Structure formats: structure tokens, C-alpha cells
Amino acid sequence: CNMAELSRGSVVSGMLTKGGIPTVLVTGVNSQGMAVTDILTYQESSGLVNVALNGFTGRSNVIATYCQIQPQDIDGDGLIEIPVPTENSKNANPSGGIISWMNYDEDGDESWAIDTYHSPNADWFFVLPKDWHGRETAVITESTNNENCVLLQVDGEDVVSIYSISGENRETRVSRDGCIVLERQPAEIYAGELMSAAKEYGIDRDALCNSFHLITNFWIS
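Residues numbered from 1 in each chain as written. Predicted model: local features only at pLDDT ≥ 70, side-chain atom pairs only at ≥ 80, totals over all residues. Heavy atoms only, no water.

## Quick notes on the nonpolar core
(1) Moving on: In this structure, Trp124, Phe126, Trp132, Leu152 and Val159 are the most contacted members of the largest nonpolar core, which totals 22 residues.
(2) Moving on: If you list the elements that add at least two residues to this core, you get strand E9 (124–127), strand E11 (147–154), strand E12 (157–165) and strand E13 (180–185).
(3) Moving on: Among the nonpolar cores identified, the runner-up in size contains 12 residues, and Leu16, Leu25, Val49 and Met102 belong to it. (Core = buried A, V, L, I, M, F, W, Y, C linked by side-chain atoms within 4.5 Å. Buried < 20%, exposed > 50% of the residue type's maximum accessible area, 1.4 Å probe, protein only. Helix = DSSP H or I, 4+ residues; strand = E, 2+ residues; numbered from the N terminus.)

## With respect to the pairing of strand E8 (residues 110–119)
(1) Moving on: Most of E8 sits out of view: 7 of its 10 residues are buried.
(2) Moving on: The pairing of strand E7 (residues 97–104) with E8 spans 8 bridges and is classified as antiparallel. Each bridged residue has a counterpart across the sheet, and for Ile98 the counterpart in E8 is Tyr117.
(3) Moving on: The turn joining E7 and E8, which pair antiparallel and follow one another in sequence, is formed by 5 residues; a positive phi near 85 degrees is taken by Gly108.
(4) Moving on: Counting the residues that bridge the hairpin from E8 to E9 gives 4 residues, and of these Asp123 lies at a positive phi of roughly 70 degrees. (Pairing = 2+ DSSP bridges.)

## Considering unusual backbone geometry
Phi is mostly negative for residues that are not glycine, and the peptide bonds are mostly trans.
(1) Moving on: Phi angles above zero are rare outside glycine, and Asn146 is one such case at about 65 degrees.
(2) Moving on: Following the sequence through the fold, Asn146 ends up in the loop between strand E10 (137–144) and E11.
(3) Moving on: Of note in the backbone geometry, Asp155 takes a positive phi value of approximately 50 degrees without being a glycine.
(4) Moving on: Checked against the element boundaries, Asp155 lands in the loop between E11 and E12.

## Description of a negative patch on the surface
(1) Moving on: A cluster of acidic residues, Glu106, Asp107, Asp109 and Glu110, forms a negative patch on the protein surface.
(2) Moving on: Looking at the element boundaries, Asp107 is found in the loop between E7 and E8. (Patch = residues over 30% accessible without salt bridge, like charges linked within 9 Å, V, L, I, M, F, W, Y side chains within 5 Å. Areas by Shrake-Rupley, 256 points an atom, 1.4 Å probe, with all protein chains shown as cover. Salt bridge = Lys/Arg side-chain N within 4 Å of Asp/Glu carboxyl O. Lys, Arg positive; Asp, Glu negative; His and termini not counted. Charge placed at Lys NZ, Arg CZ, Asp CG, Glu CD.)

## Quick word on the pattern of salt bridges
(1) Moving on: Applying the stated rule across the entire model yields 4 salt bridges.
(2) Moving on: Linking Glu171 and Arg184 is a salt bridge whose minimum nitrogen-to-oxygen distance equals 3.0 Å. One end of the pair, Glu171, is in helix H3 (residues 170–173); the other, Arg184, is in strand E13, with 13 residues separating them in the sequence.
(3) Moving on: Residue classification places Arg184 among the partly exposed residues on the basis of a relative accessible area of 48%.

## Quick word on the sheet that holds E10
What links the strands of a sheet is backbone hydrogen bonding, and the strands pair in either a parallel or an antiparallel sense.
(1) Moving on: Overall, antiparallel pairing links the 5 strands, which are arranged E10-E11-E12-E14-E13 in an open sheet. Each of the sheet's edge strands pairs with one partner strand only, and the pair in question is E10 and E13. Here the strands of the sheet are splayed against their neighbours by 15 degrees on average, with no regard to which way each runs.
(2) Moving on: When E13 meets strand E14 (residues 188–194), the two strands line up antiparallel, connected through 5 bridges. Residue Val181 lies in a different strand from E14, and its bridge partner there is Ala191. (Axes fitted to C-alpha atoms, helices over the stretch in contact; angles between N-to-C directions.)

Printed below as a string of C-alpha cells:
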């Protein structure tokens, strides 16, 4: 990466495998909007190694559309995952999309971890049930005065809606039937609603609450 590419990317440290191999992930974003990640770790036989390196091209194999989200331990398993926007995110509006998170091992082999819906502009993300992976998952967004709604559909059926609500009457609006408060912030309330196919696709009240998370900003000291 040159300095301009790296300034849009990130440098993240963590663990590569459950065996406890430390790693540093260096991501740069090129002029075509692609995030290229080098995965650096130490091997006793070879020293410092980029396990993502392609031996023929001399560049990393880990390339994905840039989505303004840096690698992180998204599922809390102690390992760093790399975000890869799915097809419906690449052409969606920039305020959010479905992300597949990938693990890499010391040989550079990838494995899928989880999928999330990320809404960076609204500062939240939602962990999708694992059995949604590979199914036709669609996102419909709608904004009105002081209220944003994201509807998640699976196989064409409405499953769950998530709202971010602001304004002076936000408490009144979240008290309506079927509305489940997920998080209260000083100027905004996040709420969810189980739709007609929620039970069929593995979402109940507890799953809705446990899968919703606010986006946390990271600082490197």
C-alpha cells in the first residue's frame, strides 16, 4: 500500500487462530475502492510472513469491496474476522448492507464465521442467524421524519424490522404495539419489531435483543 491507500484503511492486531497465533492485519484501499489486506504473523521457520500473499502476483489474495468497516473480532470468539460485503451490499445505498465475516488461518485458508447487517450511518449492526447464510436475504430501508426503518427479508418474506427513532416524541412512538426497545441513547431510541415470518426464520424476542449491537469505535494506542 502507498500512504494514500493506507490512510483509508486500518492496522489491526489480534489473534489468527484459536491456538493463539498473534497477527497484524494491514488494510489499504486502492483507487478502485477495493480493500486489500495483508495478514502478517511470525513463523519460527520463516520469520515474519504474510500468509495472504499470492506467490505469483506478489500481492495479497484477501481483496474485497471497501465498506468502511475494519477487521475485528465481530463474534467474540477471540479471533479477528475480515469483512466482505455481499452482492446485495455492493450495489445498495452506502448507509448499510449485509457483510460476511471471514477467518484466515496460518496457511492463508479462509473460512466463513458469521453474517451481519451493518448500518454505519445509524451506528448499529445486527447479527444474522447462521442458517440464513446462503439464502436470499434482502434489505429494504425507509426514512421518514426522525425515524429510519430497516426491514430484513429472507426468501421474500418479512422477518424483522429495526428502527432508529429520534425527536421529542420518541418515547411515545416506541410504545406502540409490537415495538421492542433494543437500546436507549441520549437523543435516540433503537427498537425492533418481529414480522410475520420471524418465528419461521429463527427470530424471537430474545434473539432480536441479543443480535442487536451498537457499533463501537476503535482507537489504536
